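Chains, contacts and geometry: an overview
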Amino acid sequence: MGLLSDPEYGSVKWVIVLKKVHKPLSLLLYIGALVWFIMLGNKEFNNETYFSENALLPGLVTNDFNGEHSAKQFFNEFLQELEDKYEFSDAMPVPWLVAKMSQLHLEVYTHNFTLNYPLGNEQVYTGTNVYGILRAPRTSSLEALVVTAPYRSLSSHQKGTAAGIALMLAFAKFARPQKYWAKDIIFLITEHEQLGMQAWLEAYHGLHSDAETFHTSLGTFWTPGTPVFDLGKLMPGFSLNGDHKKCLNPGKLKGRSGSIQAAINLEFHTPKIKYIEVKIEGLNGQLPNLDLVNLVHKLCVKSGVHHSFRNSYSWIRSRNKMDDWMNGFWTMFDMVIAQIDGVPDGNHGLFHRFGIEAVTLEGREATDPAGKAPRAQALSTATFYRLGIALESILRSLNNLLERFHQSYFFYLLAATNRFISIGQYMPSLCLLCVAMLVKALSLWVSIPQEGDDDSDKKTKEKTKKLAKEKHSDSESAGEEKSEDTPLRLRKIKNNSDDVVPGEKEKTELKRKVKLTDESSMSVVNIGANYLLVHLIGYAVMNSPVILSHIGAKYNLPSEVSVFYGLIAISVFLIFITPVVPRLVRTARITHEELSLVNILLLIELSTVCLAVGMQNFPLGFVIAMLYTPLALITSVVVKGQSRLSSVLLVLKRVICLLVHPLVAVTLSMIVFSNILFPEEPFFDMMARGRDAAMQAIMFSIVDSMIYGNWLFNLATAVLLPIWIIFWQISCIKVDSPALK
Amino acid sequence: MYFSCKLYHVLLTVAGSFSLSYGLEIPKEFQNSNHSNNWAVLVDTSRFWFNYRHVANVLSIYRSVKRLGIPDSQIILMISDDMACNPRNPRPATIFNNAHEQINVYGDDVEVDYRGYEVSVENFVRLLTGRVPPDTPRSKRLLTDEGSNILIYLTGHGGDGFLKFQDSEEITSQELADALEQMWQKRRYNEIFFLIDTCQASSMYEKFYSPNILATASSLVGEDSLSHHVDSAIGVYIIDRYTYYVLEFLENVHPNSKRTMSEFFAVCPKSACISTVGVRRDLFKRDPSKVPITDFFGSVRKVIITTDPIDILEIPKRKRKAENKTKVIEKREYLPQFPMHLVQSTV
């Protein structure tokens with residue numbers, strides 16, 4: 001350290017200034033970040049959307065869709081079929097769909113998949129997808145487009161998708177004899193919502209069950225058969241990862257087409273919808289290319305279908321600037337909130353990680369469960385004809401594509417259906433938060449007394465001087481080399497100690513001091529061991545749900561309950577045990593410098609994590625940064641022997657620290673959320689509802705992480721939890737003030 | 001050759017003696033082109049379905065020059081993509097240049113000389129300069145001479161100082177100017193009419209420095225060349241503005257018409273084209289208002305009917321060389337594979 005830094009370090013101007021202003025500066029940066037974020041909703045700070053891809057030629061072609069009649073017929077027949085045969089069953093009418101698609105001269109296949117539920121009693125679910133391929137008549141099957149609709153049974157609590165399926169079939173009937181398709185079109189009906197979609201996509205891309213989960217097999221160069229470190233081999237009977245690797249068996253597809261360029265997911269429960277909600281958020285906050293989103297919005301306008309994106313409705317255009325800003329902000333904010341959990345809000349979201357751009361078109365009525373749209377009652381209702389026209393023009397535009405979507409943005413926020421905020425515009429707000437942390441880290445760094453440093457060293461030097469002066473009368477040799485470093489000095493003193501009696505007392509004192517300095521010098525190994533241990537704990541917690549649910553299953557507890565309470569127990573245990581951990585791995589007490597260094601490392605780690613996550617999923621990174629920056633700014637090394645006020649403050653800090661514990665934060669936010677949804681409920685009901693919601697949320701995030709490769713749970717346990725633990729350690733361990741030495 | 005030159009010389013002296021009596025203006029005979037054949041090089045440099053209009057452009061010009069009399073053997077047609085057979089084309093095997101779809105410009109007798117990826121900068125420059133590989137078929141060679149008038153038409157996507165070929169390379173205006181200079185030095189042309197329809201098209205002819213080139217472009221530097229209209233049945237922009245108006249003009253031109261090049265320059269006023277048509281005439285010696293358009297777009301040979309008897313000089317008879325009747329067959333042998341003579345000389 002000493003070698004790398006300037007010897008006149010402490011007195012350089014910027015260091016002095018930094019030491020003075022770092023607190024208000026960090027606060028300013030934090031506020032600046034929030035202000036920046038709010039400003040993004042304003043028209044001055046975001047841009048009008050535009051097409052980057054030339055090949056799309058959106059809306060140039062006349063529409064010939066003439067399948068309104070057949071769509072109605074399919075719709076009625078489908079509903080009839082469901083009522084007749086599937087009223088009390090959740091199964092999909094596979095024979096009917098296969099028959100209809102065969103009649104349209106599509107290549108029809110079914111696809112079976114199996115889910116071995118990884119938690120609890122390991123139930124097995126099966127499902128079937130039906131898909132028909134329309135082969136492009138004048139070219140080879142190298143590329144494909146996908147039109148999909150999820151199947152929902154009559155008893156489903158969600159809106160049905162019968163009209164979507166009927167429209168899809170009618171469109172297939174219309175498209176089959178056309179000669180201009182340059183890509184195959186796959187018409188796909190999936191069962192079990194996202195599960196069926198996931199299974200179909202994995203099967204389509206050849207990810208079989210033996211190829212491990214997605215993030216282990218695609219994310220790395222790992223291939224089956226490579227020797228890996230397996231704890232199970234070392235300790236038979238103990239499996240850290242459980243069997244969840246093979247939980248979804250996607251099976252095999254009997255018929256394939258080419259590489260999929262884009263996908264459109266249809267969720268229409270009735271043709272008489274008022275408007276279309278275009279849903280874009282995908283797994284882990286991934287978004288489809290902005291060109292596809294623009295395309296859908298533009299062609300909706302052209303086909304005369306009303307459309308919306310969250311709070312932005314195509315039929316409402318306010319002239320008031322303030323209203324515009326607020327609308328823009330809330331649309332953007334809604335999008336951010338929806339992306340945090342990384343759960344796709346439709347089947348389209350699973351396509352994104354395969355590099356396929358996809359959106360969901362959801363039909364909505366004036367009084368929709370998803371929320372009321374202003375003035376939607378007065379809108380003209382859509383018909384199969386209009387929806388068909390919209391679908392046709394979207395697909396013909398996609399048909400013109402020559403390459404995958406790559407021209408426009410992949411990272412953006414939408415402030416309206418026609419306004420966007422690019423990554424270059426929103427990242428500064430996240431960067432400001434991280435800079436606040438880094439400023440704090442830098443200020444800590446410059447205020448750490450350097451190793452073998454002036455403060456303590458000066459004292460020893462003075463002592464030696466004194467000693468030497470005393471000795472001067474007796475011996476000549478001692479006083480000359482006082483500027484040497486400690487061991488040398490020690491040797492000198494030792495040499496002298498034989499013949500000098502009066503200096504005895506001072507000498508022993510000096511020895512003790514020297515010993516203390518030796519021990520208190522920073523031990524990177526000790527800090528590193530603690531750091532590593534804490535992160536290993538995080539990793540273990542990440543893998544704990546399977547074990548917890550197995551334990552719970554023995555006592556017939558539902559897995560969400562056992563996992564939830566198991567995680568609470570682990571957290572409580574960690575809260576008590578972790579402040580002691582640093583003492584276990586070392587002999588001496590932890591010093592102020594060491595803890596400061598830990599704090600610096602922690603700040604750097606946290607800001608890096610926020611930026612790295614924010615690059616992929618901005619909302620998640622931003623929220624983590626927003627929650628943890630205040631904690632990072634208030635947490636500082638606690639020194640023993642403080643005044644009353646500061647100990648009160650310390651308690652407050654610890655309470656804040658506890659509040660942002662990932663588990664606590666999730667539970668609290670669920671309680672607040674249920675309070676917003678059901679404001680009239682009494683307190684305890686609200687708490688219970690919040691607890692249940694948190695239970696569900698955690699369970700979903702675990703299952704999502706296992707089946708779909710959602711990061712949220714892994715990130716929260718393996719990265720955030722260790723960071724939090726170290727914060728907790730810093731605020732719980734009291735150290736000697738450096739001045740006392 | 002000798003004969004025709006001589007004939008010409010006689011005619012010119014006669015004409016010259018006529019004009020002397022009218023004072024010192026440029027003799028009318030000099031205003032006339034003295035080209036003996038016409039060629040056309042028509043190039044579409046861009047591929048992909050959304051560039052359908054460029055193929056329609058070039059095929060429309062092809063159709064016009066063919067109608068005006070340049071035979072297929074003297075037209076080099078370069079088209080970088082096959083729009084007619086594109087699977088996206090709802091009218092397979094046809095290309096139209098108008099939303100009314102009356103004329104299929106990809107009709108019965110279209111001879112494409114360079115197609116697909118053969119349309120490259122290298123091939124284009126080799127074609128112009130004549131530096132083609134020896135096994136190149138005649139249809140892919142520009143077999144011009146010092147009496148050739150060449151029409152060069154380029155369309156595609158351009159920028160300031162370059163024209164993009166395919167999606168991978170581009171020719172710069174300097175390269176093009178140097179190629180034309182090489183043509184001049186090799187006596188490969190008499191006059192060139194350079195016509196280009198791209199964005200910032202005029203930047204392509206600014207670097208020209210060889211004589212006898214007349215150039216016009218659809219837009220000036222800094223301007224975009226725009227498309228004319230959409231054929232919504234096919235779903236593409238079907239033709240570019242400049243070429244559309246050029247065609248409108250050319251449709252009324254026939255081999256005997258007296259339209260001049262300066263009329264041609266005025267076909268697309270800014271109100272119609274949106275871009276400004278650029279013209280460069282400083283390299284061209286004749287007055288464009290007196291140059292008939294058929295000098296470049298047609299293949300109208302100058303025929304002069306003379307009633308006067310022509311005094312043909314007696315051509316001296318060739319002397320018969322005394323031939324060596326006894327043929328000694330030369331003895332042929334292979335050279336040694338290793339150049340031994342070199343080695344021996346050094347030893």
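Residues numbered from 1 in each chain as written. Chains lettered and ligands numbered in written order. Predicted model: local features only at pLDDT ≥ 70, side-chain atom pairs only at ≥ 80, totals over all residues.

**Examining the overall build of chain B**
What chain B contains, in helices and strands, is 10 helices and 12 strands. Relative to its full complement of 347 residues, chain B shows a buried share of 39%. Expressed as a percentage of contacts within chain B between residues at least 6 apart in sequence, the contacts between residues at least 24 apart total 71%. (Helix = DSSP H or I, 4+ residues; strand = E, 2+ residues; numbered from the N terminus. Buried ≥ 20, exposed ≤ 12 C-beta atoms within 10 Å, placed from the backbone. Contact = placed C-beta atoms within 7 Å.)

**What to know about the overall build of chain A**
Each helix and strand counted, chain A has 23 helices and 15 strands in total. Across the 741 residues that make up chain A, the buried fraction comes to 45%. Residue pairs in contact within chain A that sit at least 24 positions apart in sequence constitute 81% of those at least 6 positions apart.

**A closer look at the environment of Phe329(A)**
Residue and element names in this part refer to chain A. Summarising the element assignment, Phe 329 is placed in helix α9 (residues 321–340). Taking the C-alpha atoms as reference, Phe 329 lies 27 Å from Pro 24; in sequence the two are 305 residues apart. In this structure Phe 329 touches Ile 38 and Gly 41, once residues within four positions along its chain are discounted.

**Re the pairing of strand β11 (residues 236–240) of chain B**
All names here are of chain B. In terms of burial, β11 is largely enclosed, as five of its five residues are buried. Inspection of the sheet shows strand β10 (residues 227–231) paired to β11 by four bridges, in the antiparallel sense. Within β11, the position partnered with Val 230 by the bridge is Tyr 237. From the end of β10 to the start of β11, which pair antiparallel, there are four residues, and Gly 235 there has a positive phi angle of about 85°. (Pairing = 2+ DSSP bridges.)

**What to know about the UniProt feature "transmembrane region" (unreviewed entry) in chain A**
Residues and elements named next belong to chain A. Taking the numbering used here, the UniProt-annotated feature "transmembrane region" (unreviewed entry) corresponds to residues 426–448, 521–542, 562–585, 597–614, 620–639, 651–678 and 711–731. A helix fraction of 100% and a strand fraction of 0% characterise residues 597–614, whose end C-alpha atoms lie 25 Å from each other. Segment residues 620–639 splits into 75% helix and 10% strand. End C-alpha atoms: 34 Å apart. (UniProt positions renumbered as here; feature names shortened; annotations may be inferred.)

**Some remarks on the sheet that holds strand β1 (residues 47–48) of chain A**
All names here are of chain A. Taken together, three strands build an open sheet; the order of strands is β1-β13-β12 and the sheet is antiparallel. Strands at the two margins of the open sheet, each flanked by one partner only, are β1 and β12 (412–416). Two elements, β1 and strand β13 (residues 419–422), share two bridges in a ladder whose sense is antiparallel. Each bridged residue has a counterpart across the sheet, and for Asn 47 the counterpart in β13 is Phe 420.

**Some points on the UniProt feature "active site" (unreviewed entry) in chain B**
Residues and elements named next belong to chain B. The positions UniProt marks with the feature "active site" (unreviewed entry) are His 157 and Cys 199. A maximum C-alpha distance of 6.3 Å is found for the annotated residues, which run over 43 residues; spatially they form one tight group. With respect to the secondary-structure elements, His 157 resides in strand β5 (residues 157–159). Setting aside its immediate chain neighbours within four residues, His 157 contacts Ser 46, Lys 164, Thr 198 and Cys 199. In this structure, Cys 199 sits in the loop between β8 (191–197) and β9 (213–217). With near-sequence residues (within four places) excluded, Cys 199 lies in contact with His 157, Gly 158, Gly 159, Ser 219, Asp 224 and Ser 225.

**As for the environment of Pro579(A)**
Residue and element names in this part refer to chain A. In this fold, Pro 579 is placed in the loop between α16 (559–577) and α17 (581–584). Classification of Pro 579 by C-beta neighbours within 10 Å gives partly exposed; the count is 17. On a C-alpha basis, the gap between Pro 579 and Ile 186 in space is 57 Å, while along the polypeptide they are 393 residues apart. Contact partners of Pro 579, with chain neighbours within four places excluded, come to Trp 728, Gln 729, Cys 732 and Ile 733.

**Examining the nonpolar core**
Soluble globular proteins tend to pack their nonpolar side chains together in the buried interior. In terms of nonpolar packing, the biggest core is built from 265 residues, with Ala166(A), Leu167(A) and Leu42(B) touching the most fellow members. The greatest single-element share of this core, amounting to 14 residues, is contributed by helix α23 (residues 712–732) of chain A. Non-local contacts of Leu167(A), meaning those with residues more than four positions away in its chain, are made with Ala71(A), Leu266(A), Phe268(A), Phe384(A), Leu387(A), Gly388(A) and Leu391(A). (Core = buried A, V, L, I, M, F, W, Y, C linked by C-beta atoms within 7 Å.)

**Regarding the interface of chain B and chain A**
Contacts between chain B and chain A engage 13 residues on the former and 16 residues on the latter. Partitioned by chemical class, the residues of the side of chain B that touches chain A number nine nonpolar, three polar and one charged. (Nonpolar A, V, L, I, M, F, W, Y, C, P; charged D, E, K, R; others polar.)

**Re the packing of helix α11 (residues 423–447) of chain A against helix α19 (residues 618–634) of chain A**
A packed helix pair is summarised by two numbers, namely the angle formed by the two axes and the spacing between the axes. All names here are of chain A. The geometry of α11 relative to α19 is characterised by a closest axis approach of 10 Å and an angle of 25° between their N-to-C directions. Regarding the angle of α11 to α19, the classification is roughly parallel. The way α11 lies across α19 gives a crossing that is left-handed. Packed against α11, whose contacting residues are Tyr 426, Ser 429, Leu 430, Leu 433, Cys 434, Ala 436, Met 437 and Lys 440, the element α19 presents Phe 618, Gly 621, Phe 622, Ala 625, Met 626, Thr 629, Ala 632 and Leu 633 at the interface. (Axes fitted to C-alpha atoms, helices over the stretch in contact; angles between N-to-C directions. Parallel < 35°, antiparallel > 145°, perpendicular 65-115°, else oblique. Left-handed = near helix turned anticlockwise from the far one by under 90°.)

**Points about helix α20 (residues 644–659) of chain A**
Between its terminal C-alpha atoms α20(A) stretches 23 Å, which fits the 22 Å expected from 16 residues at 1.5 Å a residue. The buried count for α20(A) comes to one of 16 residues, which makes it a mostly uncovered element. (Expected span 1.5 Å × (residues − 1).)

**Quick notes on the sheet that holds strand β2 (residues 75–79) of chain B**
Ordered by their spatial adjacency, seven strands build an open sheet running β3-β2-β1-β4-β8-β9-β12 (chain B), and the pairing between neighbours is mixed. A strand with exactly one partner marks an edge of an open sheet, and here the two such strands are β3 (114–115) and β12 (278–280) of chain B.

**Some remarks on unusual backbone geometry**
Its identity is not glycine, yet Leu57(A) carries a phi of approximately 45°, on the positive side. Relative to the elements of secondary structure, Leu57(A) occurs in the loop between β1 and α2 (68–85). Although it is not a glycine, Arg187(B) adopts a positive phi angle of roughly 55°.

**Observations concerning the pairing of strand β5 (residues 184–190) of chain A**
All names here are of chain A. Within β5, seven of the seven residues are buried, leaving the element largely enclosed by the surrounding structure. Examined bridge by bridge, strand β3 (residues 124–134) and β5 share five bridges and lie antiparallel to one another. Bridge pairing in β5 links Ile 133 to Ile 186. Sheet analysis places strand β4 (residues 143–150) next to β5, joined by seven bridges and oriented parallel. By the bridge assignment, Val 147 is partnered in β5 with Phe 187. Running through helix α4 (residues 162–175), the crossover from β4 to the neighbouring parallel element β5 is right-handed. (Right-handed = clockwise from strand over helix to strand, strands pointing away.)

**Brief notes about the confidence of the model for chain A**
Residue and element names in this part refer to chain A. Per-residue confidence for chain A gives a mean pLDDT of 81; residues scoring 70 or more make up 82%. Segment residues 230–244 is flagged for pLDDT under 50; beyond a separation of four residues in sequence, or across chains, it makes 12 contacts in the model. Low confidence marks residues 451–464, where pLDDT is under 50. Its contacts with residues over four positions away, or in another chain, come to 14 contacts. (pLDDT = per-residue confidence, 0-100.)

**Quick word on the packing of helix α4 (residues 121–129) of chain B against helix α5 (residues 173–185) of chain B**
Residues and elements named next belong to chain B. Two elements in contact, α4 and α5, have axes whose closest approach is 8 Å; the angle formed by their N-to-C orientations is 25°. If you check the angle between α4 and α5, you find them roughly parallel. When you trace α4 past α5, the crossing you get is right-handed. Mapping the contact onto sequence places Val 125, Leu 128 and Thr 129 in α4 and Glu 175, Ala 179, Gln 182 and Met 183 in α5.

**Overview of helix α6 (residues 241–250) of chain B**
Across the 10 residues of α6(B), eight count as buried, placing the element largely inside the fold. Buried residues of α6(B): Arg241(B), Tyr242(B), Thr243(B), Tyr244(B), Tyr245(B), Val246(B), Leu247(B) and Leu250(B), and no others.

**As for the confidence of the model for chain B**
Do not read the predicted coordinates in detail wherever pLDDT is low. All names here are of chain B. Scored by pLDDT, chain B comes out at a mean of 84, with 88% of its residues at no less than 70. Taken as a whole, residues 1–7 scores under 50 in pLDDT and shows zero contacts with residues more than four places along the chain or in a different chain. Low confidence marks residues 10–23, where pLDDT is under 50. Its contacts with residues over four positions away, or in another chain, come to eight contacts. ipTM for the predicted complex: 0.76, alongside a pTM of 0.81.

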